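Close look at the chain arrangement
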Amino acid sequence: MAEKKGIKVMAQNRKAFHDYFVEEKIEAGIELKGTEVKSVRAGTLNLKDSYVIAKNGEAYVHSMHISPYDKGNIFNHDPDRPKRLLLHKREINKLYALVKQDGYALIPLSVYFKDARVKVELGVCKGKKNYDKREASAQRDAKREMDRVMKARR
(Lines give C-alpha, C1' and ligand atoms only; values in the text may rest on other atoms or scores of the structure.)
Protein backbone atom coordinates (compact mmCIF):
# COMPACT_ATOMS: atom_id res chain seq x y z
CA MET A 1 0.00 0.00 0.00
CA ALA A 2 1.56 3.30 -1.06
CA GLU A 3 1.63 6.08 1.52
CA LYS A 4 1.01 9.70 0.67
CA LYS A 5 4.02 12.00 0.60
CA GLY A 6 4.09 15.58 1.79
CA ILE A 7 3.03 17.67 4.76
CA LYS A 8 -0.51 17.90 6.10
CA VAL A 9 -1.03 20.34 8.99
CA MET A 10 -3.43 18.97 11.61
CA ALA A 11 -3.37 21.77 14.22
CA GLN A 12 -1.76 25.17 14.76
CA ASN A 13 -1.22 27.17 17.92
CA ARG A 14 -2.28 30.65 16.79
CA LYS A 15 -2.32 31.93 20.37
CA ALA A 16 1.44 31.32 20.59
CA PHE A 17 2.12 33.84 17.82
CA HIS A 18 -0.06 36.37 19.65
CA ASP A 19 1.55 35.86 23.07
CA TYR A 20 5.21 35.23 22.11
CA PHE A 21 8.02 36.32 19.80
CA VAL A 22 9.20 33.14 18.05
CA GLU A 23 13.01 33.20 18.03
CA GLU A 24 13.75 29.75 16.57
CA LYS A 25 11.78 26.80 15.17
CA ILE A 26 12.63 23.11 15.60
CA GLU A 27 10.98 19.98 14.18
CA ALA A 28 10.55 17.01 16.52
CA GLY A 29 8.87 13.64 16.37
CA ILE A 30 6.33 12.69 19.04
CA GLU A 31 5.68 9.38 20.74
CA LEU A 32 1.96 8.55 20.49
CA LYS A 33 -0.14 5.47 21.20
CA GLY A 34 -2.26 3.83 18.46
CA THR A 35 -5.61 5.44 19.10
CA GLU A 36 -3.97 8.84 19.61
CA VAL A 37 -2.62 8.72 16.05
CA LYS A 38 -6.12 7.97 14.76
CA SER A 39 -7.49 10.93 16.74
CA VAL A 40 -4.80 13.22 15.31
CA ARG A 41 -5.74 12.03 11.81
CA ALA A 42 -9.33 12.99 12.62
CA GLY A 43 -8.07 16.44 13.67
CA THR A 44 -9.26 16.25 17.28
CA LEU A 45 -6.31 17.83 19.06
CA ASN A 46 -5.80 21.13 20.83
CA LEU A 47 -2.48 22.93 21.30
CA LYS A 48 -3.86 25.87 23.26
CA ASP A 49 -1.91 26.46 26.51
CA SER A 50 0.49 23.59 25.77
CA TYR A 51 4.17 23.83 26.62
CA VAL A 52 7.35 21.71 26.59
CA ILE A 53 9.55 20.79 29.52
CA ALA A 54 13.09 19.56 28.81
CA LYS A 55 14.96 17.94 31.69
CA ASN A 56 16.97 14.82 32.51
CA GLY A 57 17.80 14.35 28.82
CA GLU A 58 14.13 14.05 27.77
CA ALA A 59 11.52 16.50 26.49
CA TYR A 60 7.78 16.21 27.15
CA VAL A 61 4.78 18.15 25.83
CA HIS A 62 2.29 19.01 28.56
CA SER A 63 -1.35 20.14 28.18
CA MET A 64 -1.60 18.96 24.57
CA HIS A 65 -5.13 17.58 24.47
CA ILE A 66 -5.80 14.71 22.06
CA SER A 67 -9.45 13.68 22.31
CA PRO A 68 -10.22 9.98 22.74
CA TYR A 69 -10.82 8.11 19.49
CA ASP A 70 -14.54 7.44 18.86
CA LYS A 71 -14.12 3.74 18.08
CA GLY A 72 -11.24 3.15 20.51
CA ASN A 73 -13.33 2.02 23.52
CA ILE A 74 -10.98 0.39 26.10
CA PHE A 75 -7.86 1.10 24.06
CA ASN A 76 -8.12 4.90 24.45
CA HIS A 77 -5.48 6.70 26.48
CA ASP A 78 -5.60 9.68 28.85
CA PRO A 79 -6.15 12.75 26.61
CA ASP A 80 -3.93 15.06 28.68
CA ARG A 81 -1.01 12.74 29.45
CA PRO A 82 2.50 14.16 28.86
CA LYS A 83 3.79 13.06 25.46
CA ARG A 84 7.49 12.42 24.89
CA LEU A 85 9.26 14.24 22.08
CA LEU A 86 11.76 12.41 19.91
CA LEU A 87 14.90 14.53 19.73
CA HIS A 88 18.65 13.88 19.85
CA LYS A 89 20.39 14.40 23.21
CA ARG A 90 22.37 17.36 21.93
CA GLU A 91 19.17 19.04 20.68
CA ILE A 92 17.49 18.54 24.06
CA ASN A 93 20.53 19.92 25.89
CA LYS A 94 20.61 22.94 23.55
CA LEU A 95 16.89 23.60 24.12
CA TYR A 96 17.33 23.18 27.88
CA ALA A 97 20.15 25.76 27.84
CA LEU A 98 17.99 28.22 25.85
CA VAL A 99 15.00 27.80 28.16
CA LYS A 100 17.16 28.42 31.23
CA GLN A 101 17.67 31.96 29.95
CA ASP A 102 15.31 34.53 31.35
CA GLY A 103 11.95 34.86 29.60
CA TYR A 104 12.27 31.98 27.12
CA ALA A 105 9.82 29.09 26.77
CA LEU A 106 9.40 26.07 24.50
CA ILE A 107 5.97 26.17 22.86
CA PRO A 108 4.47 23.72 20.31
CA LEU A 109 3.51 25.79 17.27
CA SER A 110 1.93 23.13 15.07
CA VAL A 111 1.32 19.40 14.67
CA TYR A 112 1.46 17.88 11.20
CA PHE A 113 1.95 14.67 9.27
CA LYS A 114 5.17 14.42 7.30
CA ASP A 115 5.26 11.28 5.16
CA ALA A 116 2.81 9.43 7.46
CA ARG A 117 4.71 10.39 10.65
CA VAL A 118 3.40 12.82 13.25
CA LYS A 119 5.73 15.78 13.77
CA VAL A 120 5.60 18.75 16.13
CA GLU A 121 7.06 22.15 15.32
CA LEU A 122 8.51 23.68 18.48
CA GLY A 123 9.29 27.34 18.94
CA VAL A 124 11.84 28.87 21.29
CA CYS A 125 9.74 31.85 22.31
CA LYS A 126 10.08 35.00 24.36
CA GLY A 127 6.96 36.46 25.95
CA LYS A 128 5.37 39.62 24.60
CA LYS A 129 4.32 42.52 26.78
CA ASN A 130 0.90 44.12 26.34
CA TYR A 131 2.30 47.09 24.42
CA ASP A 132 4.02 44.67 22.00
CA LYS A 133 0.68 42.96 21.35
CA ARG A 134 -1.03 46.31 20.70
CA GLU A 135 1.77 47.36 18.35
CA ALA A 136 1.53 44.09 16.39
CA SER A 137 -2.24 44.45 16.00
CA ALA A 138 -1.83 48.10 14.91
CA GLN A 139 0.69 47.04 12.24
CA ARG A 140 -1.63 44.28 11.06
CA ASP A 141 -4.54 46.73 10.79
CA ALA A 142 -2.40 49.28 8.93
CA LYS A 143 -1.25 46.62 6.44
CA ARG A 144 -4.85 45.48 5.91
CA GLU A 145 -5.94 49.09 5.28
CA MET A 146 -3.08 49.67 2.80
CA ASP A 147 -4.00 46.51 0.90
CA ARG A 148 -7.63 47.63 0.78
CA VAL A 149 -6.65 51.07 -0.64
CA MET A 150 -4.29 49.51 -3.19
CA LYS A 151 -7.00 47.12 -4.35
CA ALA A 152 -9.48 50.01 -4.74
CA ARG A 153 -6.96 51.98 -6.83
CA ARG A 154 -6.51 49.18 -9.35
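Look up: the structure comes first, before these words.
Residues numbered from 1 in each chain as written. Predicted model: local features only at pLDDT ≥ 70, side-chain atom pairs only at ≥ 80, totals over all residues. Heavy atoms only, no water.

**Here's the deal with unusual backbone geometry**
Under the convention used in this document: Where helices and strands are cited, they refer to DSSP runs of H or I of at least four residues and of E of at least two residues respectively, numbered from the N terminus. Exposure categories follow from relative accessible area, calculated using a 1.4 Å probe and restricted to protein chains: below 20% of the type maximum is buried, above 50% is exposed, and the middle band is partly exposed.
Located in the positive-phi region is aspartate 115, a residue other than glycine, with phi close to 55 degrees. Considering the arrangement of structural elements, one finds aspartate 115 in the loop between β8 (104-114) and β9 (117-127). Given the relative accessible area of 38%, aspartate 115 is considered partly exposed. The phi dihedral of alanine 116 falls on the positive side, at around 70 degrees, and the residue is not glycine. The topology assignment puts alanine 116 in the loop between β8 and β9.

**As for the packing of aromatic side chains**
The criterion, for reference: In summary, the pairing rule links any two rings of Phe, Tyr or Trp, Trp by its six-membered ring, whose centres are within 6.5 Å, and it sorts them by plane angle into stacked for under 30 degrees, edge-to-face for over 60 and tilted for everything else. The rule for a charge over a ring is simple: NZ of Lys or CZ of Arg within 6 Å of the ring centre, and within 35 degrees of the ring normal.
Inspection of the entire model under this criterion finds 0 aromatic pairs. Stacked on the ring of phenylalanine 113, the Lys or Arg arginine 41 has its end atom at 4.3 Å from the ring centre. Positioned over the ring face of tyrosine 104 is lysine 126, at 4.9 Å from the centre of the ring.

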